[in-house]
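The lines below spell out each chain.
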Amino acid sequence: MAGFTVAIVGRPNVGKSTLFNRLLEQRRAIVDDQSGVTRDRQYGIADWNGKSFNVIDTGGFVTNSDDVFEREIRKQAKVAMDEANVLIFMTDVTTGITDLDSEVANLLRRTSKPVYLVVNKVDNAQRQLEATEFYSLGFEKTYFLSSMSGSGTGELLDDVVSNITDDMEDPSLEPDVPKIAIIGQPNVGKSSLLNALIGTERNIVSDIAGTTRDTIHTRYNMYQKDFILIDTAGIRRKQKVNEDLEFYSVIRAIKAVDEADVVMLLLDAEKGITAQDLSIFSLAARKGKGVVVLVNKWDLVEKATNTARDYEKELKQRLAPFSDVPIIFTSVIEKQRIFKAIEAALDVYENRQRKVQTSRLNEVMLKAIEAYHPPVVRGIPIRIKYVTQLPTHTPAFAFFCNLPDDVKTPYRNYLENQIRTNFNFSGVPVKIFFRKK
């Protein structure tokens, strides 16, 4: 369910990350069929009873230790209250209610959003008894569980996903044009890119109110181009100037990815790609979004003969295994190649819609399979007889064979490379499934 976000808040060492990992691993076991996707411990996608949602572990954002803990936790709870749909407030039965727990509870009582109080580490009858103390915090929904063993998490998840309704987003309200999100670290040039594209032009349709409160949708309609830019830059910061910017930018980037068809990931040419950039990139790939990478501020880089080629090669190594993405070197200030970037994003949008005729697909792929056979398993050769593209929003292919569970990652990668070589899916994640014939 696009954009539905659950934030796990609470003081350090109550087990937020353990619960977070458990939620993500359940999804990995159930539906994540893509290899090599990095999973940052701060945010990811969970799945329960067929409903998917974003999960954010605020624990990963406490920057320093000791005296600043309290201030950071308070800030994170406020951000989560503003940005998430549901809040999971974690406490620890072994320490009882601490002053910091009480303070976070006071904050969370001010929100109208669902708050689920979780008392963690309740793994025996004695602790079950001790956990009753937490009812005094006054939250209607209170759960005793052990995030380490997973006991008690089912009831919590049932209640979390009950907030996700089928009518949460009505696609008919959105114009049927490509939606391109601009994401990246602070100060990489997101605002400048938006202004360069739309700033002085008069033919722009006025701003459209976004489906979420925290992104601005701008309709671009000129030069025979029509699309919506989803801007995560320049959003006002709440209350204080020194709010936790990284936490804001992460939640906003995730929501922008949910809404977009194609993501333009802006990098600072001098700094390169960061771990957070890679995580957002991987998240976009898992959600089946198109991706274009813009290396901005290229005018500030000292260049030799093959600087761009070497930079691109190194960048693709960092992005692997999904490295078939357009990389464009831009200078937003100088307006270098910014329209080429838009062209690339629209091309990727087209690639994402591409449907390959079944007869053509079989003609090409069965030849490729004949040229390089799948390995023999337990003395039995794997025989792939037929391939078809699935009727999904993003490109997905089903290969029908006699031993679908025995096809390993290297051969899956070979088939994906053959699909990419013969049909243009540049910038788009491709999913491959093996089915019993």
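Residues numbered from 1 in each chain as written. Predicted model: local features only at pLDDT ≥ 70, side-chain atom pairs only at ≥ 80, totals over all residues. Heavy atoms only, no water.

In the annotation of an unreviewed UniProt entry, the entry for the protein reads GTPase Der, and the organism field reads Chitinophaga qingshengii. Under the UniProt heading Sequence similarities (unreviewed entry), the note attached to the protein is "Belongs to the TRAFAC class TrmE-Era-EngA-EngB-Septin-like GTPase superfamily. EngA (Der) GTPase family." Among the UniProt annotations of the protein, the heading Subunit (unreviewed entry) holds the following wording: "Associates with the 50S ribosomal subunit." (UniProt positions renumbered as here; feature names shortened; annotations may be inferred.)

J.: Got a sec to walk through the packing of helix H6 (residues 190-198) against helix H10 (residues 338-353)? Specific residues and values, please.
T.: Closest axis-to-axis distance for the H6/H10 pair is 10 Å, and the angle between their directions is 95°. Classed by the angle they form, the pair H6 and H10 counts as roughly perpendicular. Along the contact surface, H6 presents Leu193, Ala196 and Leu197, while H10 presents Ile338, Phe339 and Ile342. The residue makeup of the contact of H6 with H10, split by class, is 6 nonpolar, no polar and no charged. (Axes fitted to C-alpha atoms, helices over the stretch in contact; angles between N-to-C directions. Helix = DSSP H or I, 4+ residues; strand = E, 2+ residues; numbered from the N terminus. Parallel < 35°, antiparallel > 145°, perpendicular 65-115°, else oblique. Contact = heavy atoms within 4.5 Å. Nonpolar A, V, L, I, M, F, W, Y, C, P; charged D, E, K, R; others polar.)

J.: Break down the sheet that holds strand E17 (residues 431-436) for me, with residues and values.
T.: Taking strand neighbours across the sheet as the criterion, the 3 strands line up as E15-E16-E17 in an open arrangement whose pairing is mixed. Unpaired on one side and paired on the other, strand E15 (384-389) and E17 mark the two borders of the sheet. Going from strand to strand, the sheet's axes swing by 25° on average, the running direction of each strand aside. Judged from the 5 bridges that link them, E15 and strand E16 (residues 396-401) form a sheet pairing that is antiparallel. By the bridge assignment for E16, Thr388 is matched with Ala398. Across the sheet, helix H11 (residues 358-371) touches E15 and E16, and the angle it forms with E15 is around 140°. (Pairing = 2+ DSSP bridges.)

J.: Which residues make up the packing of H11 against helix H12 (residues 409-422), and what values go with them?
T.: One can describe the packing of H11 onto H12 by two numbers: an axis separation of 10 Å at closest approach and a directional angle of 135°. Put simply, H11 runs oblique to H12. As H11 packs across H12, the resulting crossing turns out to be right-handed. Within the contact between the two elements, H11 uses Val364, Met365, Ala368, Ile369 and Ala371 and H12 uses Tyr411, Tyr414, Leu415, Gln418, Ile419 and Asn422. A breakdown of the residues in the contact of H11 with H12 according to their chemical character gives 9 nonpolar, 2 polar and no charged. (Left-handed = near helix turned anticlockwise from the far one by under 90°.)

J.: Quick one: what's the story with the environment of Gly150, residue by residue and with numbers?
T.: Summarising the element assignment, Gly150 is placed in the loop between strand E6 (142-144) and helix H5 (153-161). When its relative accessible area of 14% is taken as the criterion, Gly150 is described as buried. Along the primary structure Gly150 and Leu19 are separated by 131 residues, whereas in three dimensions their C-alpha atoms are 8.0 Å apart. (Buried < 20%, exposed > 50% of the residue type's maximum accessible area, 1.4 Å probe, protein only.)

J.: Tell me about the confidence of the model for the protein, and name the residues and values.
T.: Residues at a pLDDT of 70 or more form 80% of the protein, whose mean pLDDT is 79. Confidence over residues 200-214 falls short of pLDDT 50; this stretch has 32 contacts with residues more than four positions distant or in other chains. Overall, residues 234-243 carries pLDDT values under 50, and its contacts beyond four positions in sequence, including any with other chains, amount to 18 contacts. (pLDDT = per-residue confidence, 0-100.)

J.: Describe the side chain of Asp47, and please don't skip the residues or the numbers.
T.: Take Asp47: it is sitting in strand E2 (residues 43-48). Judged by its relative accessible area of 7%, Asp47 falls in the buried class. Within polar-contact distance, the side chain of Asp47 engages the side chain of Ser52 at 3.1 Å. (Polar contact = N/O pair within 3.5 Å; in protein donor to acceptor, adjacent residues only side chain to side chain.)

J.: Before we move on, can you summarise the packing of aromatic side chains with the specific residues and values?
T.: The relation between two aromatic rings is expressed through the spacing of the ring centres and the mutual angle of the planes. In this structure the tally under the stated criterion is 13 aromatic pairs. Between Phe399 and Phe434 the ring centres are 5.8 Å apart and the planes differ by 35°, which places this aromatic pair in the tilted class. Taken together, the residues span a long stretch of sequence, with Phe399 in strand E16 and Phe434 in strand E17 at a distance of 35 residues. With respect to class, Phe399 is no different from Phe434; both count as buried. Note on Tyr411 and Tyr414: the rings are 5.5 Å apart at their centroids and 40° apart in plane angle, and the pair reads as tilted. Highlighted residues: Tyr411 and Tyr414, both in helix H12, separated by 3 residues, approximately one helical turn. Site record: aromatic cluster; members linked through ring pairs are Trp298, Tyr311 and Phe329. (Phe/Tyr/Trp six-rings, centres within 6.5 Å; stacked < 30°, edge-to-face > 60°.)

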